[in-house]
Amino acid sequence: MKKLEQLYEGKAKKVFATDDPNVVIVSYKDDATAFNGEKKGTILGKGAINNKMTNNLMQRLEQAGVPTHFLEQLSDRETAVKKVTIVPLEVIVRNISAGSFAKRYGVEEGIPFSQPTFELSYKNDDLGDPLLNDSHALALGLATREELDLIRSYALKINELLKGFMKEIGIDLVDFKLEFGKTADGTIVLADEISPDTCRLWDENTHEKLDKDRFRRDMGGAEEAYEEVMRRLMGDR
Ligand code: UDP
């Protein structure tokens, strides 16, 4: 497969065309942003960690019956994935209160829920990714009823699987964000990434934050936290 021109550069990844119209290459950067791009910085080594961790988790999800865009890891930072049109929704599942949930509803962080919450935001930087419900998504034509139902069932299944993978390595999965895409034939697949950039991960014993909140909140130790998750998940690969 041949890497061709750059199609897109996002906050954390670049996307390149290939000689196969159904395949693109994603290249993960060390750049970190928060608060809708207002805060910018670098987490050294993050690109390679997020690439390898995403691929490890997507392959395990795929084996458990969740379709994903993953095709083949090409290098530390680069992966071939199915070309999709991203459904412009941020799909967020929560198991423990934190972040915008705690703020919006005026509760402390760290309260475990009896069942997971499921929420959607409109993926639109200019509008600050506003929260929306199914009827809003349908009114805006962002997805069909069938697609929304499928996305919800995949997201909740992914939550159960990821919670298990993290528990095995002594981590509580607090919350996470997913993005889904549509392949040329209309199939909905899990896309984007699953990493400490997109998940809140707390050590089950010390409750230490092992995710991007270390960067967002200027706590220091973001590099070490990402490396720690990677080491627990995959050894030193
Ligand atoms: N998240 C993300 N990208 C976003 C917004 C949120 O990956 O643009 C992730 C975030 O890392 C967390 C979860 O989604 O694991 C829930 O985030 P929340 O709504 O609490 O927003 P935040 O506090 O990050 O602004």
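Position numbers for residues count from 1 along each chain, tracking the sequence in the order it is written. Since the coordinates come from a predicted model, pLDDT governs what is reported: local features require at least 70, and pairs of side-chain atoms require 80 or more to be given and counted, while whole-chain, interface and lining totals use all residues. Side-chain metrics in this entry use all non-hydrogen atoms of the structure; hydrogen atoms and water are not considered.

Visitor: Requested: an account of the environment of Asn51, with residues and values cited.
Guide: For Asn51, the position within the fold is in helix α1 (residues 46-63). As a C-alpha pair, Asn51 and Asp149 span 98 residues in sequence and 28 Å in three-dimensional space. Any two residues whose heavy atoms approach within 4.5 Å at even a single point are treated as in contact. Residues within four places of Asn51 in sequence aside, it is in contact with Tyr28, Gln73, Ser75, Asp76, Arg77, Glu78 and Thr79. Of note is the side chain of Asn51, whose polar atom sits 3.1 Å from the backbone oxygen of Ser75. Secondary structure follows DSSP: runs of H or I at least 4 residues long count as helices, runs of E at least 2 residues long count as strands, and numbering of each begins at the N terminus. For this analysis, a polar contact is any N or O atom pair within 3.5 Å, provided that within protein one partner can donate a hydrogen and the other can accept it, and provided that sequence-adjacent residues contribute only side-chain to side-chain pairs.

Visitor: Any details on the pairing of strand β13 (residues 188-191)? Residues and values, ideally.
Guide: Whether a residue is buried, partly exposed or exposed follows from its accessible area with a 1.4 Å probe, protein chains only, as a fraction of its type maximum: under 20%, in between, or over 50%, in that order. Burial along β13 is two-sided: the face carrying Ile188 and Leu190 and the face carrying Val189 and Ala191 are both buried. When strand β12 (residues 171-182) meets β13, the two strands line up antiparallel, connected through four bridges. Looking at β13, one finds that Glu179 is bridged to Ala191. Any two strands with at least two DSSP-identified bridges between them are counted as paired. Turn length for the β12-β13 hairpin, with the two strands adjacent in sequence and antiparallel, is five residues, and the turn residue Gly186 shows positive phi of about 90°.

Visitor: How would you summarise the nonpolar core if you had to cite specific residues and measurements?
Guide: Residues enter a nonpolar core if they are buried and are Ala, Val, Leu, Ile, Met, Phe, Trp, Tyr or Cys, with the set joined through side-chain atoms within 4.5 Å. Leu89, Val91, Ile158, Leu178, Phe180, Ile194 and Leu201 are the most contacted members of the largest nonpolar core, which has 48 residues in total. Sort the elements by how many residues they give to this core and helix α4 (residues 145-168) lands first, with eight residues. Beyond its immediate chain neighbours, meaning those up to four positions away, Leu89 contacts Leu120, Ser121, Lys123, Leu132, Ala137, Leu142, Ala143, Leu148, Leu178 and Glu179.

Visitor: An account of the sheet that holds strand β7 (residues 78-82) is needed here, citing residue identities and associated values.
Guide: Pairing is antiparallel in the open sheet, where five strands are placed in the order β1-β2-β3-β7-β6. What marks the edges here is a single partner per strand, and that holds for β1 (3-9) and β6 (70-73). The average undirected angle you get between the axes of adjacent strands in this sheet is 30°. In this structure, strand β3 (residues 23-28) lies alongside β7, joined through five bridges in antiparallel fashion. Looking at the pairing, Ser27 lines up with Glu78 of β7. Only C-alpha atoms enter the line fits that serve as axes; for helices the fit covers just the stretch in contact. Angles between N-to-C directions range over 0 to 180 degrees.

Visitor: Residues and numbers for the site of the ligand, please.
Guide: Here, proximity means that at least one heavy atom of the residue falls within 4 Å of the molecule or strand. Neighbouring the ligand are 15 residues; Arg94, Ser100, Asp175, Arg200 and Arg216 lie closest to it. Between an oxygen atom of the ligand and a side-chain N or O atom of Asp175, the distance comes to 2.6 Å. Between the ligand and Thr198, the relevant distance is 3.4 Å, taken from an oxygen atom to a main-chain nitrogen or oxygen of the residue. Relative to its unbound accessible surface of 500 Å², the ligand loses 77% to contact with the protein. Elements with a contribution of two residues or more to the shell around the ligand: β9 (89-96), α2 (99-105), β12 and β14 (199-203). Classes in brief: Ala, Val, Leu, Ile, Met, Phe, Trp, Tyr, Cys and Pro nonpolar; Asp, Glu, Lys and Arg charged; the others, Gly included, polar. In the shell around the ligand, the residues fall into four nonpolar, three polar and eight charged. The method behind every accessible area is Shrake-Rupley, applied with a 1.4 Å probe, and residues are considered shielded solely by the protein chains displayed.

Visitor: If you had to explain the packing of aromatic side chains to someone new, which residues and values would you point to?
Guide: Centre distance and the angle of the planes are the two values used to describe a pair of aromatic rings. Any pair of Phe, Tyr and Trp rings, taking the six-membered ring for Trp, is counted once the centres come within 6.5 Å. Such a pair is stacked with planes under 30 degrees apart, edge-to-face with planes over 60 apart, and tilted for the rest. Counting across every chain of the model gives three aromatic pairs. Put simply, the rings of Phe101, Tyr105 and Phe113 touch in pairs and so form one group of aromatic residues. Whether a charge sits over a ring depends on NZ of Lys or CZ of Arg being within 6 Å of the ring centre and within 35 degrees of the ring normal. When the ring centre of Phe215 is taken as origin, the NZ or CZ atom of Lys39, which lies over that ring, is 5.0 Å away. Of note, Arg60 hangs over the ring of Phe165, and the distance from its end group to the ring centre comes to 4.1 Å.

That's the geometry; what it means functionally is another story.
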